[in-house]
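Architecture and fold: a report
Chain by chain, the residues run as shown.
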Protein chains: 2
Amino acid sequence: MAERPTLVSLARDLGVSRQTISNALNAPQRVNAVTLERVLKGIEESGYRPHVAGRQLRTRSSHNLAMRLYPSTDGINGSVLDRFLHALTEAAQRRSYRLTLFTAADDAGEIDAIDDLLGTADIDGFVLTSTHHDDARTAWLLEHDVPFVAFGRPWSSAPHEAAHSWVDVDGGAGTAEAAALLLAKGHRHVGFLGWPGGSGVGDDRRDGWRRTLAAAGLDDVAARLHAEVEDSVPQGARGARELFERGATALVCASDSLALGAVTAWRELEPHAVAGPPVIGFDDTPVVSALGLSSVRQPIEQVAQHVVDLLLRQLPNRPDPDRTARHELIPASLVEREPDPHLFEPTD
Amino acid sequence: MAERPTLVSLARDLGVSRQTISNALNAPQRVNAVTLERVLKGIEESGYRPHVAGRQLRTRSSHNLAMRLYPSTDGINGSVLDRFLHALTEAAQRRSYRLTLFTAADDAGEIDAIDDLLGTADIDGFVLTSTHHDDARTAWLLEHDVPFVAFGRPWSSAPHEAAHSWVDVDGGAGTAEAAALLLAKGHRHVGFLGWPGGSGVGDDRRDGWRRTLAAAGLDDVAARLHAEVEDSVPQGARGARELFERGATALVCASDSLALGAVTAWRELEPHAVAGPPVIGFDDTPVVSALGLSSVRQPIEQVAQHVVDLLLRQLPNRPDPDRTARHELIPASLVEREPDPHLFEPTD
């Protein structure tokens, strides 16, 4: 325990309840004048720092932000949202804000939950994740003038979508860098293993790879060597097998799940290869890190910091609230690794 | 969006603010009588279901629980706490409770944060994780009569520790089962790769392995074939190398990080082995699942459900609050897998 007095020790020393101390700071009209004077004097003499309590008094803010928690996934691709949750909780706490979680089955359920929270809980603002084409959530929040920031840019050109603040990672820059690394290693037939078209995030990652190939005069490769599969290890293996059969010698993948599948496909075809698998994943998850695969990493701590900054500046308790929509697009970076020889290299 | 009216649509239709509707439900004395009657009539006619709002009125509860969020780890061993966070948020929401997160540097910081939250936020109860020997947090919470439940049993015999509710997983039963599987596969020299002695969780996992060996008349193996290292992949490789050199042919590990290290050590020594690595991990994390390793799995969803049950029954807003300390010890289960041949099997 720290040496400074706590709310509890102070209540004991002053012979009053915690609620009385809290009221003295936050709702002084509820405390009788004699007690109020004694308690405020006691607070001052004790050196007790009421932290958030004092700030709440000045600003009439709950100091609570809220975010929907998505269900656990296979632990590979979902892990980036868990990293974000940790980073966001920490970034919020540095500004004396807490994070409240809720779950929802879909976007409509998320809107219902936000509506409920606005009526029943003290929430200053909301954080959205996993934005997508035609996102009903952003339209609703704007319409109801609710402070929020999205992790994820708007993926459609509806006019309202430029009207809110967002922070996102430039995934296409990451896959462009990944493709460039494979070209620099001597590959020319660098394929792309991604998701079915139409998802903003997936299309962006594919476009980055394509830009690098086009700049290298390899438009024909880019036109031919891409495959689209659902996001799972077995589907990744299937898609990679097809691309290797069509002549790909290296692959940039839209996710680490796909990359893991691609590695198993590559080992089937090249059991005696000396080098590690020419496969680059996306999200630098613990699985690929443990295996020593290269992957594109999102700077999630930086994203969380910006999200909190852009959300707090909107809040009515600021001295000069600023509701201007602001957008931050942060570069992804390639993490290059050598595979662990005992997991991937041939043994003979 | 669902068809039922929302707080926002209702406010628009009735021409009042959201706050007025909330007050009508939760603090009717703040609304003038004519408006109150009109709003309550409008609520009834609209079919609006105020969910939590109504319940708060009846029970005077904030419907907020709080838990400390630990920092991200390497993504292997920390992932069990992320699974718990998801399961807890979902279990709480099924009972109309939300979960608020905070961070802290250590136990003293956690106590400070709880103290702060008691003074400044509406929190009905707390969830502790990662209990350990001489846990100052449980003593403090009991002393201050704060409703809480621990995920993790008390690891010391201090009298106050029997006095609070907890839910835990019987990890020793899991490692006992893991050792039995390796014996059933024909191994006799089944070693244990664990952490330095003194951690309740680690000692419990070691004891389970030891019980199985003792029951099989292998006390000499149990006395000889165990190693204690820090919890990381490289340290796991080092410890496993030592155990294999001392004659172990199979290993039960206290964590998946250690198991992953053990696999790399085993591949060095047995590059031409036909079967998969005779190594069993603990926590069934995404990494070992992707690699096809066997591991002991904690039934985290069940833990979360029990934690919420045991916490809510204590709350003063219950019809018949029950502060009796209750304890639930839930068995762990072994997940047996065949390794992916292209990640682990020899290629010649």
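The preceding data block contains the structure.
Residues numbered from 1 in each chain as written. Chains lettered and ligands numbered in written order. Predicted model: local features only at pLDDT ≥ 70, side-chain atom pairs only at ≥ 80, totals over all residues. Heavy atoms only, no water.

What to know about the sheet that holds strand β7 (residues 226-228) of chain A
Residue and element names in this part refer to chain A.
- Strand order across the open sheet formed by six strands is β7-β6-β8-β9-β10-β12, with mixed pairing between neighbours. Unpaired on one side and paired on the other, β7 and β12 (333-335) mark the two borders of the sheet. When the angles between neighbouring strand axes are averaged without regard to direction, this sheet yields 20°.
- Where helix α11 (residues 233-245) meets the sheet, it contacts β6 (190-194), β7 and β8 (250-253), and its direction lies at approximately 155° from that of β6.
- In the packing of helix α12 (residues 256-269) onto the sheet, contacts are made with β6, β8, β9 (279-282) and β10 (294-297), and the angle to β9 comes to roughly 160°. (Pairing = 2+ DSSP bridges. Helix = DSSP H or I, 4+ residues; strand = E, 2+ residues; numbered from the N terminus. Axes fitted to C-alpha atoms, helices over the stretch in contact; angles between N-to-C directions. Contact = heavy atoms within 4.5 Å.)

Let's talk about helix α14 (residues 300-312) of chain B
All names here are of chain B.
- Compared with the 18 Å implied by 1.5 Å per residue over 13 residues, the 18 Å span of α14 between its first and last C-alpha is a close match.
- For α14, the set of buried residues is Ile 300, Val 303, Ala 304, Val 307, Val 308, Leu 310, Leu 311 and Leu 312.
- Looking at the buried side of α14, the elements it contacts are β1 (64-68), α5 (79-94), β3 (125-129), β4 (148-151), β5 (165-170) and β11 (327-331). (Expected span 1.5 Å × (residues − 1). Buried < 20%, exposed > 50% of the residue type's maximum accessible area, 1.4 Å probe, protein only.)

Overview of the sheet that holds strand β9 (residues 279-282) of chain B
Residues and elements named next belong to chain B.
- One open sheet accounts for six strands, arranged β7-β6-β8-β9-β10-β12; its pairing is mixed. The open sheet has two edge strands, β7 (226-228) and β12 (333-335), and neither has a second partner. Strand-to-strand, the axes of this sheet are offset by a mean angle of 20°, without reference to chain direction.
- Judged from the three bridges that link them, strand β6 (residues 190-194) and β7 form a sheet pairing that is parallel. Paired with Gly 194 across the strands is Glu 228, a residue of β7.
- Taken strand by strand, helix α11 (residues 233-245) contacts β6, β7 and β8 (250-253), and its axis lies near 155° from that of β6.

Things to note about the pairing of strand β2 (residues 98-102) of chain A
- Extensive coverage of β2 of chain A is indicated by the burial of five of its five residues.
- Side-chain alternation along β2 of chain A places Arg 98, Thr 100 and Phe 102 of chain A on one buried face and Leu 99 and Leu 101 of chain A on a second face that is also buried.
- Pairing between strand β1 (residues 64-68) of chain A and β2 of chain A: five bridges, direction parallel. Following the sheet pairing, Ala 66 of chain A is matched in β2 of chain A by Thr 100 of chain A.
- In this structure, β2 of chain A lies alongside strand β2 (residues 98-102) of chain B, joined through three bridges in antiparallel fashion. Bridge pairing in β2 of chain B places Leu 101 of chain A opposite Leu 99 of chain B.

Concerning the packing of helix α5 (residues 79-94) of chain A against helix α14 (residues 300-312) of chain A
Residues and elements named next belong to chain A.
- At a minimum axis separation of 8 Å, α5 and α14 run at an interaxial angle of 45°. Taken as axis vectors, α5 and α14 run oblique relative to one another. α5 and α14 meet at a crossing whose hand is right-handed. Across the interface between the two elements, Val 80, Arg 83, Phe 84, Ala 87, Leu 88, Ala 91, Ala 92 and Arg 94 of α5 pack against Ile 300, Glu 301, Val 303, Ala 304, Gln 305, Val 307 and Val 308 of α14.
- Grouping the amino acids of the contact of α5 with α14 by side-chain chemistry returns 11 nonpolar, one polar and three charged. (Parallel < 35°, antiparallel > 145°, perpendicular 65-115°, else oblique. Left-handed = near helix turned anticlockwise from the far one by under 90°. Nonpolar A, V, L, I, M, F, W, Y, C, P; charged D, E, K, R; others polar.)

A few points about the pattern of salt bridges
Residues and elements named next belong to chain A.
- Scanning all chains against the criterion turns up 42 salt bridges over all chains.
- When the shortest N-O distance is used, the salt bridge between Asp 168 and Arg 153 registers 2.7 Å. Of this pair, Asp 168 sits in strand β5 (residues 165-170) while Arg 153 is found in the loop between β4 (148-151) and β5, placing the two residues 15 residues apart along the sequence.
- The exposure class assigned to Asp 168 is buried, which follows from its relative accessible area of 7%.
- Salt-bridge contacts for Asp 284 lead to Arg 297; the nearest nitrogen and oxygen are separated by 2.9 Å. You can see Asp 284 sitting in the loop between β9 and α13 (286-291) and its partner Arg 297 sitting in strand β10, a full 13 residues away along the chain.
- Of the residues examined, Asp 284 reaches a relative accessible area of 7% and is grouped as buried.
- One network of salt bridges, in which partners are shared, links Arg 68, Asp 107, Glu 110, Asp 135 and Arg 137. (Salt bridge = Lys/Arg side-chain N within 4 Å of Asp/Glu carboxyl O.)

Remember, this is a structural readout, not a statement about activity or role.
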